[in-house]
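What follows is each chain in one-letter form.
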Amino acid sequence: MTAPIPRDIPDLPAVPGPPTLLPSPVPATAVITPVRRPLVAVFRLLTALLATTGVALELATGGPATRTVSHFTLQSSVLLALVMLASARRAWSARRPLPGALTGAALLYVVAAGLVHHLLLVNASSPFATEAATAGTGWQATASHLLNTAVPTAAALDWLLLTAPGRLHLRQAAAWLLYPLAYLAFSLAHGELLLPGTQDRYLYPFLDVDQHGYKGVLGNALLLGLSLYALGVLLVALDHIRPNPLRRRW
């Protein structure tokens, strides 16, 4: 005979679930020992010095300083030099790297300036090739090579070999266009403020309203803007598929 089943079964206590992990107020740097990267700091310092040298030579040989500093190439090189100096300091002192939005923008601008120089301004088959861009000699040619070839190459090598991947995002590609858009407005306003026939009234031949008209200039600007956005998207895509070069300690 089995015992009768009681009619009133007491409620069983609830089975406790897994404990909820609360966010820790302790930063990751308190758990993971920061690593100094002196070789990275030295390379970035040399890149900043390279950009600064190119800017100084361009200012010394490129004519009036107000016109020289108005060029996109010079401004992007100054930005890269500042970013590299800050990045070198952080790598030397084992601090967190600069935001990817800032370093990506500096890289994009110097690479775009170098591509425009080589593909549009000094390429004999380009409709925008100018004698001023190809006739430089001596220190002026040295400054051009530094700013349009050496600096973009060094910045690209730093990104590929010395920077952790996955720090760039697609939404940043559109934000990076704000500065080129502001530069377009500045360039057109600069040309309008000068008298017709003034030398170097427009800073770049594809932005020359006297030659192409506003319709042609805006068409050129649209093509360049789309190309710049495509280049930014390409950088973001490559940043997410390239291997991590920081598995080794520098």
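For the structure itself, consult the block above.
A brief structural summary.

Parameters and conventions
Residues numbered from 1 in each chain as written. Predicted model: local features only at pLDDT ≥ 70, side-chain atom pairs only at ≥ 80, totals over all residues. Heavy atoms only, no water. Salt bridge = Lys/Arg side-chain N within 4 Å of Asp/Glu carboxyl O. Helix = DSSP H or I, 4+ residues; strand = E, 2+ residues; numbered from the N terminus. Buried < 20%, exposed > 50% of the residue type's maximum accessible area, 1.4 Å probe, protein only. Expected span 1.5 Å × (residues − 1). Bend = angle between axes of the 7 residues up to and from the residue. Contact = heavy atoms within 4.5 Å. Polar contact = N/O pair within 3.5 Å; in protein donor to acceptor, adjacent residues only side chain to side chain. Phe/Tyr/Trp six-rings, centres within 6.5 Å; stacked < 30°, edge-to-face > 60°. Lys NZ or Arg CZ within 6 Å of the ring centre and 35° of its normal.

## What to know about the pattern of salt bridges
- Scanning the model with the defined rule gives 3 salt bridges in all.
- Here Asp158 and Arg44 are joined by a salt bridge, their closest N and O atoms 2.7 Å apart. Residue Asp158 is found in helix 6 (residues 138-162), and its partner Arg44 is found in helix 1 (residues 38-61); the two are separated by 114 residues along the sequence.
- Given the relative accessible area of 7%, Asp158 is considered buried.
- Taking the relative accessible area as the measure of exposure, Arg44 reaches 8% and is therefore buried.
- Between Arg201 and Asp210 there is a salt bridge, with its nearest N and O atoms 2.9 Å apart.
- We classify Arg201 as buried; its relative accessible area is 9%.

## So, helix 9 (residues 209-241)
- Over its 33 residues, helix 9 extends only 41 Å from the first C-alpha to the last, a length that falls short of the 48 Å expected when each residue adds 1.5 Å.
- A maximum bend of about 75° is found in helix 9 at Lys215.
- Contacts from the buried residues of helix 9 go to helix 4 (100-121), helix 6, helix 7 (170-175) and helix 8 (178-193).
- Near the N-terminus of helix 9, the side chain that reaches the backbone nitrogen of Asp210, with its oxygen 3.0 Å away, is that of Asp208.

## Considerations on the packing of aromatic side chains
- Scanning all chains against the criterion turns up 8 aromatic pairs.
- Plain terms: the ring middles of Tyr183 and Phe186 are 5.9 Å apart, the flat faces sit at 50° to each other, and that makes the pair tilted. With Tyr183 and Phe186 both in helix 8 and 3 residues apart, the pair spans about one turn of that helix.
- Judged by its relative accessible area of 34%, Phe186 falls in the partly exposed class.
- Three or more aromatic residues joined by ring pairs make a cluster, and in this case those are Phe72, Tyr109, Phe128, Tyr179, Tyr183, Phe186, Tyr204 and Phe206.
- The positively charged end of Arg36 is found above the aromatic ring belonging to Trp92, 4.6 Å away from the centroid.

## Quick notes on the environment of Ala81
- Tracing the backbone shows Ala81 in helix 3 (residues 72-92).
- Residue Ala81 is classed as buried on the basis of its relative accessible area of 7%.
- With 35 residues separating them along the chain, Ala81 and Leu46 place their C-alpha atoms 9.6 Å apart.
- Contacts of Ala81, omitting those with residues within four sequence positions, involve Ala48, Ala51 and Thr52.

## Points about the environment of Ala129
- Mapped onto the secondary structure, Ala129 falls in the loop between helix 4 and helix 5 (131-134).
- Setting aside residues no more than four positions away along its own chain, Ala129 makes contact with Leu120, Leu121 and Asn123.

## Examining unusual backbone geometry
- The phi dihedral of Ala94 falls on the positive side, at around 60°, and the residue is not glycine.
- Among the secondary structure elements, Ala94 is positioned in the loop between helix 3 and helix 4.
- In this structure Ala94 comes out as buried when scored by relative accessible area, which is 19%.

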